[in-house]
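Descriptive analysis of the structure
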Amino acid sequence: QVQLVESGGGLVQAGDSLRLSCAASGRTFSRLRMAWFRRAPGKEREFVARINLSSITYYADTVKGRFTISRDNAKNTVYLQMNSLKTEDTAVYYCAAGSGPPAVSAEVYDYWGQGTQVTVSS
């Protein structure tokens, strides 16, 4: 079992930056593939970014060049640095973890955090 706790969300203005954190416990973090998803109001949950065991990353086109996912295995934490935020980035952001293959599909991830709200105002 893995527990994930997100933090770092908040209310910011367009163009600002935020860094989300996701602390994991309960299993060897270095063996987990990690990802961030988000759900905007009235929309389906969507993939944002993922990072595999070798810290190879992959991003959704909508955030590529603005967001950076990283992991610190010593701290059992994955981060999402979000720069140049846009109003359309407003969503609840979820951290996800799994031991399966790297993927953008939510179904592949076994563990989920409660989510953290990010609101970007114009």
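Residues numbered from 1 in each chain as written. Predicted model: local features only at pLDDT ≥ 70, side-chain atom pairs only at ≥ 80, totals over all residues. Heavy atoms only, no water.

Description of the layout of surface pockets
- For the largest pocket, the calculated volume is near 150 Å³.
- Forming the walls of the largest pocket are Arg38, Ala40, Lys43, Glu44, Glu46, Thr62, Arg66, Lys86, Glu88 and Asp89. (1 Å grid on protein atoms, 1.4 Å probe; cavity = no way out; pocket = protein on both sides within 12 Å on 5 of 7 lines; lining within 4 Å. Points joined across faces, edges and corners; volume = space filled by probe spheres on them.)

Comments concerning the pairing of strand 8 (residues 77-82)
- Counting buried positions along strand 8 gives 5 out of 6 residues, so the element sits mostly inside the fold.
- As paired elements, strand 3 (residues 18-25) and strand 8 share 6 bridges and run antiparallel to each other. If you follow Ser21 over to strand 8, its bridge partner there is Tyr79.
- Taken together, the 6 bridges between strand 7 (residues 67-72) and strand 8 define a ladder with antiparallel strand orientation. (Buried < 20%, exposed > 50% of the residue type's maximum accessible area, 1.4 Å probe, protein only. Helix = DSSP H or I, 4+ residues; strand = E, 2+ residues; numbered from the N terminus. Pairing = 2+ DSSP bridges.)

Description of the pattern of salt bridges
- Summed over the entire model, instances satisfying the criterion amount to 4 salt bridges.
- One salt bridge connects Arg38 with Glu46, and the closest N-O pair in it is separated by 2.5 Å.
- Here Arg38 ties to Asp89 by a salt bridge, and the two come within 2.9 Å at their closest N and O atoms. Placement of the pair is Arg38 in strand 4 (residues 33-39) and Asp89 in the loop between strand 8 and strand 9 (91-98), with a sequence separation of 51 residues. (Salt bridge = Lys/Arg side-chain N within 4 Å of Asp/Glu carboxyl O.)

A few points about the sheet that holds strand 1 (residues 3-7)
- The strand order across the open sheet built from 4 strands is 1-3-8-7, with neighbouring strands paired in antiparallel fashion. The outermost strands of the open sheet, each flanked by one partner alone, are strand 1 and strand 7. Neighbour to neighbour, the strand axes of the sheet diverge by 15 degrees on average, direction disregarded. (Axes fitted to C-alpha atoms, helices over the stretch in contact; angles between N-to-C directions.)

Section: the side chain of Arg66
- Mapped onto the secondary structure, Arg66 falls in the loop between strand 6 (57-59) and strand 7.
- Within the structure, the side chain of Arg66 is placed 3.0 Å from the backbone oxygen of Ser84, a separation counted as a polar contact.
- Polar contacts involving the side chain of Arg66 include one to the side chain of Asp89, which spans 2.7 Å.
- Residues contacting Arg66, with those up to four places away along its chain left out, are Gln81, Met82, Asn83, Ser84, Leu85, Lys86 and Asp89. (Polar contact = N/O pair within 3.5 Å; in protein donor to acceptor, adjacent residues only side chain to side chain. Contact = heavy atoms within 4.5 Å.)

Section: the nonpolar core
- Grouped together as the largest cluster of nonpolar side chains are 37 residues, with contacts concentrated most on Leu4, Met34, Trp36, Val78, Leu80, Met82 and Tyr93.
- When residues of this core are traced back to their parent elements, those giving at least two are strand 3, strand 4, strand 5 (45-51), strand 7, strand 8, strand 9 and strand 11 (116-121).
- The dominant element in this core, judged by the number of residues it contributes, is strand 9, at 5 residues.
- Once residues within four sequence positions are removed from consideration, Met82 is found in contact with Asp16, Ser17, Leu18, Leu20, Arg66, Phe67, Tyr93 and Val118. (Core = buried A, V, L, I, M, F, W, Y, C linked by side-chain atoms within 4.5 Å.)

A look at the packing of aromatic side chains
- Summed over the entire model, instances satisfying the criterion amount to 4 aromatic pairs.
- Judged by centre distance (5.7 Å) and plane angle (75 degrees), the ring pair of Phe37 and Phe47 falls under edge-to-face. In this pair, Phe37 sits in strand 4 while Phe47 sits in strand 5, placing the two residues 10 residues apart along the sequence.
- The exposure class of Phe47 is buried, given its relative accessible area of 12%. (Phe/Tyr/Trp six-rings, centres within 6.5 Å; stacked < 30°, edge-to-face > 60°.)

Some details on the side chain of Arg38
- Arg38 gets classed as buried once you look at its relative accessible area, which sits at 5%.
- Among the polar contacts made by the side chain of Arg38, one reaches the side chain of Asp89 at a distance of 2.9 Å.
- One polar contact links Arg38 to Tyr93, side chain to side chain, over a distance of 2.9 Å.
- Other than its neighbours up to four places away in sequence, Arg38 contacts Glu44, Arg45, Glu46, Val48, Thr62, Val63, Phe67, Glu88, Asp89, Ala91, Val92 and Tyr93.

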